[in-house]
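# Fold and geometry: a report
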Amino acid sequence: MPEAGAPRAESADEHRISLHLVSDATGETLNAIARASVAQFQHTHVVYHRWNLIRTRLHLHRVLQGIEADPGPVLSSVIDQKLRSALDLACKQLQLQVVNVLDPVLTMLQETLGEAVQGRPGIQYVLDDDYYKRIDAMHYVLAHDDGQAVAGLREADVVLVGVSRASKTPTSFYLANRGVKAANVPLVPGVPVAPELLSLRRPVVGLTIDPRTLIEIRRHRLRALTPGGTMGGIKEDDNIYVDPEAVRDEVVWARRLCARNGWPVIDVSRRSIEETSAAVIELAEAWNLRHAAAPAR
């Protein structure tokens, strides 16, 4: 089924295109490639049409009807040669460009490995060890979110710490989707840090954020949870949770706590969850390398 991008006002100098993403699996690969590529163009408004699980001629027929109704370039990750040929021919007749995004990589690997491509759609989504590792990681995150079950921190691949609303939970869930068991523990001024965390022999990474950005995030959260801008009867402007001076002190305190314990810190103020997660994985791998090389005590 096609899915258009969220509508928004277009400027006079903006170029609008429809981009069709045709996949025989979940479409995640095409979504990632399209997002990364489109982000490089400032004055283009792209309306996405996502066509997933396209594995039969009937499926492809509906896709071609959609492309003809709203013409635009096509990105494809379809493996089946007959479906690919039909898609290529139809796009040629409509004078539309089609790019099979897997071709360069498959060709390179085929030449390097000397092995023919299997040509099976969705083969990367088999129920293998990696799949079950991601499931286990997701269960772990659910059980160890927001400081829960601190006794189980020693089973974590990485532990995230930081003040409230510093993206600990969404980062933990993104890491779980990568098969990483990530626990997260909030740092709250005046509340003692759990002894289990201080003595932990696992990588711990602090997440920090610009106080002004943090205040806006917290204000938005308060308004969503408490209509009228109150929380527990306290007006938003009087709430220490969003008081500028208190928030600045809280962020500084958390950074100093991380420094005292030798926990590296990532500033998430201008990072996406994906970028933060990549940095966390890099720091965790560096920690593991250092401690694998260190002599056992």
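The structure contained in this document is the topic of the report that follows. (Residues numbered from 1 in each chain as written. Predicted model: local features only at pLDDT ≥ 70, side-chain atom pairs only at ≥ 80, totals over all residues. Heavy atoms only, no water.)

## Quick notes on the overall build of the protein
Each helix and strand counted, the protein has 10 helices and 10 strands in total. Each of the 297 residues in the protein was classed as buried or not, and the buried ones make up 36%. Long-range pairs, those at least 24 residues apart, make up 74% of the contacts in the protein between residues at least 6 apart in sequence. When the accessible surface of the protein is split by element, carbon and sulfur atoms take 54% of a total near 18000 Å². (Helix = DSSP H or I, 4+ residues; strand = E, 2+ residues; numbered from the N terminus. Buried < 20%, exposed > 50% of the residue type's maximum accessible area, 1.4 Å probe, protein only. Contact = heavy atoms within 4.5 Å. Areas by Shrake-Rupley, 256 points an atom, 1.4 Å probe, with all protein chains shown as cover.)

## Brief notes about the environment of arginine 212
Along the polypeptide, arginine 212 turns up in helix α8 (residues 211-225). Take arginine 212: its relative accessible area is 65%, and that puts it in the exposed class. Distance in space between the C-alpha atoms of arginine 212 and serine 269 is 9.5 Å, their sequence separation being 57 residues.

## Examining the packing of α8 against helix α9 (residues 244-260)
Contact pair α8 / α9: the axes reach a minimum separation of 9 Å and the direction vectors enclose 120°. Every pair of crossing elements has a handedness; the one defined by α8 and α9 is right-handed. Between α8 and α9, the contacting residues are Pro211, Leu214, Ile215 and Arg218 on the first element and Pro244, Val247, Arg248, Glu250 and Val251 on the second. The residue makeup of the contact of α8 with α9, split by class, is six nonpolar, no polar and three charged. (Axes fitted to C-alpha atoms, helices over the stretch in contact; angles between N-to-C directions. Left-handed = near helix turned anticlockwise from the far one by under 90°. Nonpolar A, V, L, I, M, F, W, Y, C, P; charged D, E, K, R; others polar.)

## Considerations on the sheet that holds strand β6 (residues 182-186)
A sheet is described by the order of its strands in space; here four strands give the open sequence β6-β5-β7-β10, paired in parallel fashion. At either margin of the open sheet sits one strand with a lone partner, and together these are β6 and β10 (265-267). Taken over all neighbouring pairs, the strand axes of this sheet differ in orientation by 30° on average, direction set aside. Two strands pair when backbone bridges link them, and strand β7 (residues 204-208) and β10 are joined in this way by three bridges, in the parallel orientation. (Pairing = 2+ DSSP bridges.)

## Describing the pairing of β7
Most of β7 sits inside the fold, with five of its five residues counted as buried. Side-chain alternation along β7 places Val204, Gly206 and Thr208 on one buried face and Val205 and Leu207 on a second face that is also buried. Where strand β5 (residues 158-162) lies against β7, four bridges are found, and the strand directions are parallel. Note on β7: the bridge partner recorded for glycine 162 is leucine 207.

## Some thoughts on the environment of asparagine 52
By secondary structure assignment, the location of asparagine 52 is in the loop between β2 (44-51) and α2 (57-69). By relative accessible area, asparagine 52 is classed as partly exposed at 29%. Sequence separation of asparagine 52 and aspartate 24 is 28 residues, and the distance between their C-alpha atoms is 5.8 Å. Setting aside residues no more than four positions away along its own chain, asparagine 52 makes contact with Ser23, Ala25, Thr26 and Gly27. A polar contact of 3.3 Å, which involves the side chain of asparagine 52, links it to the backbone oxygen of threonine 26. (Polar contact = N/O pair within 3.5 Å; in protein donor to acceptor, adjacent residues only side chain to side chain.)

## Examining the packing of aromatic side chains
Under the defined criterion, the tally for this structure stands at one aromatic pair. Taken together, a centroid distance of 5.4 Å and an interplanar angle of 85° make the contact between tyrosine 131 and tyrosine 132 edge-to-face. For tyrosine 132, a relative accessible area of 43% puts it in the partly exposed group. (Phe/Tyr/Trp six-rings, centres within 6.5 Å; stacked < 30°, edge-to-face > 60°.)

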